[in-house]
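Here's the letter readout for the chains.
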Amino acid sequence: MYIYDSVQKIKREFIPLEKDKVSLYVCGPTVYDDAHLGHAKSALVFDLLVRVLSANGYDVTYARNITDIDDKIIKKAKEQNKDIKEITDFYTSSFHKEMAQLGVAKPDIEPKATENLEAMIELIQTLIDKGHAYPTSEGDVYFDTHSDSEYLSLSKRVQDEDDKQERVESSSLKKNQTDFALWKSVKEEYNGLPVSSDKDGFKPSSVIYDSPFGKGRPGWHLECSAMIEKHLAKQNSEFAIDIHGGGADLLFPHHENEAAQTRCGTNHALANYWMHNGFVNINNQKMSKSLGNSFFLKDALKEYDGEVLRFYLLSTHYRSNFNFTKEDLATSKKRLDKIYRLKKRLFGMTCSNDTTHFMDELLKALSDDMNVSSALALVDEMISKANETLDSADKHKQLKKDTLANLAYIETILGFGVKNPFEYFQFGIDADTKTKIDDLIVQRDEAKKEKNFEASDKLRDEILAFGVSIMDTPQGTFWEKSNI
RNA sequence: GGUGCCAUCGCCAAGUGGUAAGGCCGCAGCCUGCAAAGCUGCUAUCCCCAGUUCAAAUCUGGGUGGCACCUCCA
């Protein structure tokens, strides 16, 4: 297995901290709004990584967090006059549903900020004790970036003494421009929001928490360091975990800060390998609210089968920037269709347990920093060969068995072709229409039997009018929803 | 302004020193009552210039053109 390490900027052979085991932590969503295609891309990339690692025989422990303490959540709660928990529960739930539609497996651990307050407070205290953090007179606690000689080693940035890039008014109480908040004290703007009580523990519905540093809430970067240490970290090890992943934008400052916190607050570095997935743009523009081109997953899923989106978003290398267009998505659907057509062709037949050359090659391609393009080229070649042989030798039992085994392997490792092929091709057609189409097909078959082609062609036109295409096969007549 | 990434057929996209994968689209053919699906065949010397090398899309330097991060962000 080879992984491109985005900190060392080279492809490295993957060697786990502990034999046959992998610990993976990925930065998940902040649950204050619907997930967009970018969230989908990140979740899909690391879902694929887990599958490939598992196929290589590793026992993977995968954690992806839910950020449920955040300024944006507070803002939304105030705007909509709702309880914080109502907001976070709603978006956490929709995130889960949408991920399931994309075929993204649940992570083994899904830690939430609200459930790990103690671990975060403990880490802050340690950082203060070790001289890496300091409280201010306003009750905030900052990480002292100048106390960490390795700060900026992750993003390879140069400390800019002139602060030329400063665009946001910073608190004058910070010692250094790059210092970031570990604890944010309660400010005016959050008055009126509920406060948790020590006695009941930390109430998730609250947004303001008690701490030795005063009432407030943890800074964003802190949760990942604290939760990794609590849920995943290997002690007495040079690194807390094997792999840390997330979107390309998180490298700085988020991951830089996480790394600093862990480095200074524990006895090891954060991660041995860092992986960052590229961005999703829409028609060559970055998705953003100001441009009004955010493409929410829930909207995409109304129009397309989740698996088509999965195929499309995974079809190019995870590190490249991804430009979403409907045309390319339609192309991806055609490619996925081919998998399902072959599956349909072999429907109901028995599968072998053999390991094929194809499987070895596929795993090899994916084990090379997840080279999906090469993997898909192998898939297309396998499909073509299988179809070719089936065209000339339909009785080839071993080929059928092996082909089914190959398709099953594609399902497991890539998550493509997992549905019933007949249902897949009828996505978006309601039951009523299905019945009508089936009736017309019966009528057409009768007309065909009588060689009344004029009538059968007329019936076909009626069927096509539903936006479907039909195909006559030795097994009978089938229909599919037409591609647009 | 700082840092970094990218530039391969009409479109999408692998390949990072040994002579250009794959898909979509298109054209021709096989199959089919006709279709659809499937199959076969055909389609690029890799943004420009210079250099290193027996050999470069792949390395170096210089251009040109995109993009990202530096502020919340997957």
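Observations regarding the domain arrangement of chain A
For chain A, the assigned domains are domain 1 (2-277), domain 2 (282-423) and domain 3 (426-481). For domain 1 and domain 2, the distance between their C-alpha centroids amounts to 33 Å. With 31 residues of domain 1 in contact, the opposing surface of domain 2 contributes 34 residues. Taken over both partners, the interface formed by domain 1 and domain 2 buries close to 2,800 Å², and the fraction arising from carbon and sulfur atoms is 65%. Looking only at domain 1, the three residues that lose the most surface to domain 2 are L37, K41 and L48, adding up to 24% of its buried area. Where domain 1 touches domain 2, the interface holds three salt bridges.

Let's talk about the side chain of S211
In this structure, S211 sits in the loop between β7 (180-185) and β8 (216-218). At 2.9 Å, the side chain of S211 and the backbone nitrogen of F213 are in polar contact. Separated by 2.8 Å, the side chain of S211 and the backbone oxygen of G214 make a polar contact.

Focus on the protein's contact with RNA strand B
Neighbouring residues of RNA strand B: 53 residues in total, closest K72, W220, G247, K286 and R460. Restricting attention to atoms of RNA strand B within 4 Å of the protein, one finds that 63% of them are sugar or phosphate atoms. The separation between a base nitrogen of RNA strand B and a polar side-chain atom of H36 is 3.2 Å. R335 is positioned with one of its side-chain polar atoms (N or O) 3.1 Å from a sugar or linking oxygen of RNA strand B. Per element, the largest residue contribution to the surface near RNA strand B is nine residues, and it comes from helix α11 (residues 372-392).

Structural notes on the environment of K230
Structurally, K230 can be placed in helix α5 (residues 220-231). Relative accessible area serves as the criterion here: at 47%, K230 is assigned to the partly exposed category. Separated by 187 residues in sequence, K230 and A43 place their C-alpha atoms 22 Å apart. For K230, the contacting residues outside a window of four places in its chain are E115, N116 and A119.

With respect to the layout of surface pockets
Looking at the second largest pocket, its volume works out to about 420 Å³. In terms of lining residues, the second largest pocket is bounded by 17 residues, among which R341, K344, R345, T473 and Q475 are the most central. Those elements giving two or more residues to the lining of the second largest pocket turn out to be α9 (326-345), α11 and β14 (468-473). If one sorts the elements of the lining of the second largest pocket by residue count, α9 sits on top with four residues. Across the lining of the second largest pocket, the residue classes tally to nine nonpolar, three polar and five charged. Here the lining of the second largest pocket gathers at least three residues from each of two domains, domain 2 (282-423) and domain 3 (426-481).

Regarding unusual backbone geometry
The amide bond that connects F252 to the next residue, P253, takes the cis arrangement and shows omega of 5°. Its place among the elements puts P253 in helix α6 (residues 251-265). In this structure, D20 is a non-glycine residue whose phi angle is positive, near 65°. What makes D20 partly exposed here is its relative accessible area of 39%.

Examining the pattern of salt bridges
Applying the stated rule across the entire model yields 34 salt bridges. Residues joined by salt bridges that share partners form a network here, namely E18, K21 and K234.

How each quantity is defined
Residues numbered from 1 in each chain as written. Chains lettered and ligands numbered in written order. Predicted model: local features only at pLDDT ≥ 70, side-chain atom pairs only at ≥ 80, totals over all residues. Heavy atoms only, no water. Domains from an automatic or database assignment. Contact = heavy atoms within 4.5 Å. Buried area = accessible area lost by both parts, 1.4 Å probe. Salt bridge = Lys/Arg side-chain N within 4 Å of Asp/Glu carboxyl O. Helix = DSSP H or I, 4+ residues; strand = E, 2+ residues; numbered from the N terminus. Polar contact = N/O pair within 3.5 Å; in protein donor to acceptor, adjacent residues only side chain to side chain. Near = heavy atom within 4 Å. Buried < 20%, exposed > 50% of the residue type's maximum accessible area, 1.4 Å probe, protein only. 1 Å grid on protein atoms, 1.4 Å probe; cavity = no way out; pocket = protein on both sides within 12 Å on 5 of 7 lines; lining within 4 Å. Points joined across faces, edges and corners; volume = space filled by probe spheres on them. Nonpolar A, V, L, I, M, F, W, Y, C, P; charged D, E, K, R; others polar.

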